[in-house]
Amino acid sequence: MSITGLCQICESRPAEHRCDNCGALVCEVHYDADLGLCADCAAQARPARERDETDTYRF
Ligand SMILES: [Zn+2]
Ligand SMILES: [Zn+2]
């Protein structure tokens, strides 16, 4: 796989994945491998309560 260009979210890291929903090219940091979505779409796809739990121990 050879996607060239920068992540469309942070625009500072090389894009390595493509979002299955919006088609955005994103770096590994902004790609959710479980969902196959970029960080933006993953945040919307996830149930709100699950995202709240994730935020508590994020990083
Ligand atoms: Zn990024
Ligand atoms: Zn997306």
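Let us look at the structure shown here.

1. Some thoughts on the overall build of the protein chain
Turning to step 1, where the next piece is worked out: Counting secondary structure elements, the protein chain contains two helices and four strands.
Turning to step 2, where the next piece is worked out: The order of helices and strands in the protein chain, counted from the N terminus, is β-β-β-β-α-α.
Turning to step 3, where the next piece is worked out: In the protein chain, which comprises 59 residues, the proportion classed as buried is 24%.
Turning to step 4, where the next piece is worked out: When contacts within the protein chain are restricted to residue pairs at least 6 apart in sequence, those whose partners lie at least 24 apart make up 4%.

2. Overview of the coordination of the zinc ion (ligand 1)
Turning to step 1, where the next piece is worked out: With distances of 2.0 to 2.4 Å, the protein atoms coordinating the zinc ion (ligand 1) are Cys7 (SG), Cys10 (SG), Cys27 (SG) and His30 (ND1).
Turning to step 2, where the next piece is worked out: Taken together, the four donor atoms coordinating the zinc ion (ligand 1) span angles of 99 to 115° at the metal, a pattern that classifies the geometry as tetrahedral.

Rules used in this analysis
Residues numbered from 1 in each chain as written. Chains lettered and ligands numbered in written order. Predicted model: local features only at pLDDT ≥ 70, side-chain atom pairs only at ≥ 80, totals over all residues. Heavy atoms only, no water. Helix = DSSP H or I, 4+ residues; strand = E, 2+ residues; numbered from the N terminus. Buried < 20%, exposed > 50% of the residue type's maximum accessible area, 1.4 Å probe, protein only. Contact = heavy atoms within 4.5 Å. Donors = N, O, S within 2.8 Å, 3.2 Å for Na, K, Ca; no water. Tetrahedral: all angles 85-135°; square planar, octahedral: opposite > 155°, others 65-115°.

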